[in-house]
Structures are given as C-alpha cells and as structure tokens.
Amino acid sequence: APFEAAAWSRLAALRMDAGRLDEAEAFLAKARATLGTLDEPTARVHVLSNQAGLHIAQGRLPEAEADLREAERLAHAHGDDPSEFMCVQERGRLAFRTGRFEEAARHARAALDLGRHLGATHRDAFLLQNIARGLLKTGRFDAALDHLDEAQEIADREDDDLRRAGIAAARAQAHLARGAL
C-alpha cells in the first residue's frame, strides 16, 4: 500500500506540473484511499506534501498550510530528512505565493542546504533560482544575480535548456528591476 500510494502521489505531481489540477486531485484521492489508516509516515508525508502543492496551485492556501503542518509534524517525528526536504520546498512555495518573499528565500536556502546534506543535488539549480526570486522581490538584486550565476553554472553543467530559460528570464527581471536594461 505505501508504494502504491507514493505512485499515485507521484502521478498527481506530474499532472500538477502539466497544469492538470483536476486529474492531480483525483490521483491524490486515490493515494489517500490507498493509505487509509495505515501507519506509513513517509508515504503519508509524500501525499500531504503533494496535496499541499495542489492546494497552493488551486489558491487554497489555508488547506495547503494545514497539509504542510501535518506533513512536517510526521517528517520530524520520524526523523525523515528526505520527507522534510519535500516539506521545506513546499513551505517556500507557499510563502512565495502569499507574498512572504524573505521567508520564501529562507525556505529555498534551507531546502538547498538539506538537499546537499542528503546528496540530493538534482534540485540545486531550481532551488537557487527560487532563492533568487525571493531576493528579487525584496530588492536584493545583486544577491539574486549571484544565486542566478550559480544556478546557471549548474544548468550549463547539466545541459538543462529549460532551466537555462528560466534563469535567463529571472536575470532579465533582475536587470529590469534595478534599471540596468
């Protein structure tokens, strides 16, 4: 059951990435039903974190907050650092969505540090870009550009054109905001 629930939850995340929120919601319902009342904290954190992501995308921010609180409680209670990594990322997304940009940058930095500690560096460029987004919103343009430079190095090393495009857009936004373009 935990593996099946995690699979449904992962399918939901993929649907969210594609903007297909109704399908994501249906997959998360299947994940929750599969878990039922089983004591499977890691799978439950995975489902709750993705459910929080869905609620953020839907603008259902109080529900996202409740999902994250429960996911964080479970992850912390079971010493589950990879699950905590997921929670911290979603916490940053929620902070950004609600206009708490300094907090969003702090959460992205915490996720970056935790991910590096765990050896999960596959999200580094993404998290550096998120730190930069938070810094841009608070007028810290030079610091944002420094983070974008680091993200660019990673995207170039990984030959990630999609990430490069996002970094270029963020870099242009920084230069525009500080009047350099």
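This structure is a prediction, so every number in the text was calculated from the model and none was measured.

Criteria and thresholds
Residues numbered from 1 in each chain as written. Predicted model: local features only at pLDDT ≥ 70, side-chain atom pairs only at ≥ 80, totals over all residues. Heavy atoms only, no water. Core = buried A, V, L, I, M, F, W, Y, C linked by side-chain atoms within 4.5 Å. Buried < 20%, exposed > 50% of the residue type's maximum accessible area, 1.4 Å probe, protein only. Helix = DSSP H or I, 4+ residues; strand = E, 2+ residues; numbered from the N terminus. Contact = heavy atoms within 4.5 Å. Salt bridge = Lys/Arg side-chain N within 4 Å of Asp/Glu carboxyl O. Polar contact = N/O pair within 3.5 Å; in protein donor to acceptor, adjacent residues only side chain to side chain.

Draft legend 1. Region of interest: the nonpolar core. By size, the foremost hydrophobic cluster in this structure holds 23 residues, and its most contacted members are Leu-128, Ile-131 and Leu-148. Within the residue set of this core, elements represented by two or more residues are helix H5 (81-97), helix H6 (101-118), helix H7 (124-137), helix H8 (141-157) and helix H9 (161-177). Excluding anything up to four places from it in sequence, Ile-131 contacts Ala-105, Ala-108, Arg-109, Leu-112 and His-147. Residues Ala-5, Phe-27, Leu-28 and Ala-31 belong to the second largest nonpolar core, which totals 12 residues.

Draft legend 2. Seen up close, the pattern of salt bridges. A complete count under the given rule lists 19 salt bridges for this structure. Across the pair Arg-93 and Glu-90 runs a salt bridge, and its minimum N-O distance is 2.8 Å. In this pair, Arg-93 and Glu-90 are both assigned in helix H5, three residues apart and thus about one turn of the helix distant. Judged by relative accessible area, Arg-93 falls into the partly exposed class, the value being 34%. Glu-102 is the salt-bridge partner of Arg-140, the closest N and O atoms lying 3.2 Å from each other. Here Arg-140 is found in the loop between H7 and H8, whereas its partner Glu-102 is found in helix H6, with 38 residues between them in sequence. On the basis of relative accessible area, Arg-140 is assigned to the partly exposed category, the value being 39%. Exposure remark for Glu-102: the relative accessible area of 34% places this residue in the partly exposed category.

Draft legend 3. Structural detail: the side chain of Glu-103. When you line up the elements, Glu-103 lands in helix H6. Within the structure, the side chain of Glu-103 is placed 2.8 Å from the side chain of Arg-100, a separation counted as a polar contact. Setting aside residues no more than four positions away along its own chain, Glu-103 makes contact with Arg-91 and Ala-95.

Draft legend 4. Up close: the side chain of Ser-49. Its location among the elements puts Ser-49 in helix H3 (residues 41-58). Given a relative accessible area of 2%, Ser-49 falls into the buried group. Once you skip the residues sitting within four places of it in the chain, Ser-49 turns out to touch Ala-71, Met-86, Cys-87 and Glu-90.

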